[in-house]
Amino acid sequence: MNFLEQMKKRYTVKKYDPQGTISEEQIQTLKEILHLSPSSINSQPWNFVFVNNSETKEKLAEVSYFNKEKILDSSYLIVFQVIKNPEDFEKQIKENLPEGSINYYKTFVKPKGEVEIKSWLKHQVYLSLGVLLSACAMMEIDSTPMEGIENDKYDTILNNKKYESLFAVTIGVKSENDKNQPIHTPKKRLESKKIILEF
Ligand SMILES: Cc1cc2nc3c(=O)[nH]c(=O)nc-3n(C[C@H](O)[C@H](O)[C@H](O)COP(=O)(O)O)c2cc1C
């Protein structure tokens, strides 16, 4: 099936089949795809935490508001984190990026101050969410992006010192009873002509 058809088919899963599993091979593929995500100046200010351990998954589910059941019934929870401290970020790019990229950061991003730097870093992580959701669509893996999580509590549980949690994605196998499937709940989008413009 082509990509457009897969994008029509994909949707945000609201109910998973607790018996459903994702193969280790698929997980490895998703890890490689996330690793290849693009970012401004190749900044890569992220960590992707794959949570499969049931105890940790349960703890995170408890601090995920209305997303609790989805997390418990899904196969994996992937937590997307951003580097916390701009100084650590600068150290990372100094060690890994060519001078031109570092200069771009120093000239165009850094002078805007901490709030803007942090916002710019977060934008990069959100890009990787798009990459993951598209990959899941192509691979016919069911998924749910989730901002509805208690970020601070995620950070306490995961204890990944230099990174903080932004959002999470569950992946698994949808329940046949999931009312949010496009066959029951057709996709809603703004009219194409209102958002895709031509000049
Ligand atoms: C960044 C982001 C955060 C989201 N957070 C949640 C969430 O916490 N729980 C949930 O059930 N859906 C969440 N969604 C799903 C959106 O509501 C959904 O993508 C949108 O309504 C379009 O529907 P579709 O994905 O089924 O096409 C989120 C989506 C995105 C992109």
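Our structure's up above, just so we're on the same page.
Residues numbered from 1 in each chain as written. Predicted model: local features only at pLDDT ≥ 70, side-chain atom pairs only at ≥ 80, totals over all residues. Heavy atoms only, no water.

A. Representation of the pattern of salt bridges in the model. With the rule as written, the count across this model stands at eleven salt bridges. We note a salt bridge from E90 to K94, for which the minimum N-O separation is 3.6 Å. Placement of the pair is E90 and K94 together in helix α5 (residues 86-96), with a separation of four residues, close to one helical turn. Judged by its relative accessible area of 11%, E90 falls in the buried class. Judged by relative accessible area, K94 falls into the partly exposed class, the value being 48%. For E95, the salt bridge is made with K91, and the minimal N-O distance between the two is 3.5 Å. With E95 and K91 both in helix α5 and four residues apart, the pair spans about one turn of that helix. Each member of the pair, E95 as well as K91, is classed as exposed. Counted as one network, the salt bridges with shared partners bring together E90, K94 and K110. (Salt bridge = Lys/Arg side-chain N within 4 Å of Asp/Glu carboxyl O. Helix = DSSP H or I, 4+ residues; strand = E, 2+ residues; numbered from the N terminus. Buried < 20%, exposed > 50% of the residue type's maximum accessible area, 1.4 Å probe, protein only.)

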